[in-house]
Amino acid sequence: MEIDENKEYIYDSYQLDCDEGKIIEQMKASTKKSIPDPADWIDADLKRNIVLTSLDWVIDWARRSSLWTAICYPACCGMEWMATLAPRFDGSRFGMEIMRASPRQADLLITAGTLTWKMAPNVRRIYNQMAEPKWVIAMGACGISGGIFRSGYNVVPGYNKIIPVDVYVPGCPPRPEALLYGIQQLQKKIGRAKAVPDLSELPNPLNELPNPLKKDKKK
Amino acid sequence: MTTALSAKEIVSKLSAEFPDAVKEAGADSVLVKSASLPAVTEYLKTADGLKFDYINYITAIDYYDYFEVVYMMTSTEYNRSVTLKTRCETRNRPTVPSLAGIYQGADWQEREVYDLMGITFKGHPNMKRVFLWEGFDGHPLRKDWNK
Ligand code: SF4
């Protein structure tokens, strides 16, 4: 549930329920379309001229090799996800053995399971609390489209209706190998990102200062 | 293993205690009048030789003409179980008495039945939706929902 700062909250549980109901109805109404892949809209003009510097490479390497996962396992896919981290499949080979109970310490959200509308505001809240840069993997048929519960009255038809999703891992549930493959795809995707902004495009406060040497040029 | 107590045995005890509470005794279940439900359950929970102290589940069935609410209790002492049923004949605001005061476990189960079937449990301390949000239209497990 998102907190409205202009509102005085009354700690009456029924009132809170009604507020939550309103938020869910709003979310339902405003999510007719899916949110496209973040890479498509976060830096659209970046794709035209990707020039990775060595600094970019180092930062991307650091980011992709230490993905910390927030906990969001509403249903059965969570079991495969646990198996992925357990010794047999050993997710820590890919630098992601850490699960975080606090979204503020995480940068990856693996959505392992069916999402109900009642839970939807909380998932969005978890996503909003995660620190940038952050990524989302939709795991399983339910995560992608609602799966077999898609036509249910209380199921969100895909996480991309409420949060941007980077990588989709199909299956019901996906095998741990599939999830690992999905994670590797995400790591490749992170590896392509430009982490250091182009300095010439940023507003430079130094340009605003009076510079005696460039006096005539400025005028 | 838990064995179901034969309805005959229980009916004979119940009808001695509550002469007109039992409406019908099936092979493995007892149908009681909804008004006498709390008294009957209280008796089943506390009476010597019965002691049904654990509620397994509460559920409800929509038969179009009436709703049937089903309760299953187990006696952890004698390792036996019994199924109680009660009916409400109306589709418009059906009501049965709540058992939340007798079994704590009935609390959320009754809320679930209320949420999905729209049966109100009278005397429940917190009768509101549990799975769906406030403002959801109707009760989805009713047979005539969304037609
Ligand atoms: S995709 Fe299949 S295994 Fe995964 S949450 Fe949905 S139903 Fe469960």
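Relevant structure appears above.
Rules and cut-offs
Residues numbered from 1 in each chain as written. Chains lettered and ligands numbered in written order. Predicted model: local features only at pLDDT ≥ 70, side-chain atom pairs only at ≥ 80, totals over all residues. Heavy atoms only, no water. Helix = DSSP H or I, 4+ residues; strand = E, 2+ residues; numbered from the N terminus. Rg over C-alpha atoms; globule rule 2.2 N^0.38 Å. Buried < 20%, exposed > 50% of the residue type's maximum accessible area, 1.4 Å probe, protein only. Contact = heavy atoms within 4.5 Å. Areas by Shrake-Rupley, 256 points an atom, 1.4 Å probe, with all protein chains shown as cover. Lys, Arg positive; Asp, Glu negative; His and termini not counted. Charge placed at Lys NZ, Arg CZ, Asp CG, Glu CD. Pairing = 2+ DSSP bridges. Near = heavy atom within 4 Å. Buried area = accessible area lost by both parts, 1.4 Å probe. Salt bridge = Lys/Arg side-chain N within 4 Å of Asp/Glu carboxyl O. Polar contact = N/O pair within 3.5 Å; in protein donor to acceptor, adjacent residues only side chain to side chain. Nonpolar A, V, L, I, M, F, W, Y, C, P; charged D, E, K, R; others polar. Core = buried A, V, L, I, M, F, W, Y, C linked by side-chain atoms within 4.5 Å.

**Q** I would appreciate a short explanation of the overall build of chain B in the present structure.
**A** Scanning chain B from N- to C-terminus turns up three helices and eight strands. The linear arrangement of helices and strands in chain B, starting from the amino end, is β-α-β-β-α-β-β-β-β-α-β. For 147 residues, the compact-globule formula gives about 15 Å, and the C-alpha radius of gyration of chain B, at 15 Å, lands near that figure. Based on the C-alpha atoms only, the size of chain B along its principal axes is roughly 45 × 30 × 30 Å. Burial analysis of chain B (147 residues in total) assigns 48% to the buried set. Across chain B, every contact between residues at least 6 apart in sequence was considered, and the portion connecting residues at least 24 apart equals 49%. For chain B, the exposed surface amounts to about 7500 Å²; the carbon and sulfur share of it is 49%. Charged side chains of chain B number 18 positive and 20 negative; the gap between the two group centres comes to 2 Å.

**Q** Help me understand the sheet that holds strand β5 (residues 167-169) of chain A, please; the structure alone is not making it clear to me.
**A** Within a sheet, each strand pairs with its neighbour through backbone hydrogen bonds, oriented either parallel or antiparallel. All names here are of chain A. What the five strands build is an open sheet, ordered β2-β1-β3-β4-β5; its pairing is parallel. Each end of this open sheet is capped by a strand with a single partner; those strands are β2 (99-100) and β5. With five bridges joining them, strand β3 (residues 108-112) and strand β4 (residues 135-139) adopt parallel strand pairing. Residue pairing for β4: I110 is matched across the bridge by I137.

**Q** Just to check I follow, could you spell out the site of the ligand for this structure?
**A** Near the ligand the following residues occur: A75, C76, C77, G113, T114, G140, A141, C142, F149, G171, C172 and P173 of chain A. It is helix α6 (residues 140-145) of chain A that contributes the most residues to the shell around the ligand, three residues altogether.

**Q** What should I look at first to understand the interface of chain B and chain A in this one?
**A** Interfaces are frequently sized by the accessible area removed from exposure as the parts join. Each partner contributes residues to the interface: chain B has 12 residues there, and chain A has 12 residues. Considering only the surface of chain B that becomes buried against chain A, K128, W133 and E134 of chain B emerge as the three largest contributors, covering 63% of it. Across the contact surface, chain B and chain A share one salt bridge. Connecting chain B to chain A are three residue pairs in polar contact (both at pLDDT 80 or more). Looking at the side of chain B that touches chain A, its residues break down into nine nonpolar, one polar and two charged.

**Q** What am I meant to see in the nonpolar core here?
**A** As a rule of thumb, soluble globular proteins bury nonpolar side chains together. In terms of nonpolar packing, the biggest core is built from 33 residues, with Y71, L84 and I119 of chain B touching the most fellow members. Of all the elements in the fold, those that place two or more residues in this core are α1 (7-17), β3 (29-32), α2 (37-46), β4 (54-62), β5 (67-75), β6 (80-88) and α3 (106-117) of chain B.

**Q** Before we go on, may I ask you to explain the pattern of salt bridges in this structure?
**A** Where charged atoms of side chains with opposite charge meet at close range, the side chains can pair. Per the counting criterion, the structure on display carries 10 salt bridges over all chains. For K118 of chain A, the salt bridge identified is with E20 of chain A, shortest N-O distance 3.5 Å. In this pair, K118 of chain A is assigned in the loop between β3 and α5 (120-129) and E20 of chain A in helix α1 (residues 13-30), connecting sequence segments 98 residues apart. Where R91 of chain B meets D62 of chain B, a salt bridge forms, and the shortest distance between an N and an O atom there is 2.9 Å. Taken together, the residues R91 of chain B in the loop between β6 and β7 (95-97) and D62 of chain B in strand β4 connect sequence positions 29 residues apart. What makes R91 of chain B partly exposed here is its relative accessible area of 23%. Of the residues examined, D62 of chain B reaches a relative accessible area of 3% and is grouped as buried. Here the residues in one salt-bridge network are D62, R91 and D144 of chain B, joined through shared partners.

**Q** I tried to follow the side chain of R129 of chain B on my own but got confused; where do I start?
**A** Residue and element names in this part refer to chain B. Looking at the element boundaries, R129 is found in the segment after β8 (120-122). For R129, the side chain forms a polar contact with the main-chain oxygen of G138, separated by 2.9 Å. Setting aside residues up to four positions removed in sequence, R129 forms contacts with R111, Y114, D115, E134, F136, G138 and H139.

Purely spatial values, then, with no claim about function.
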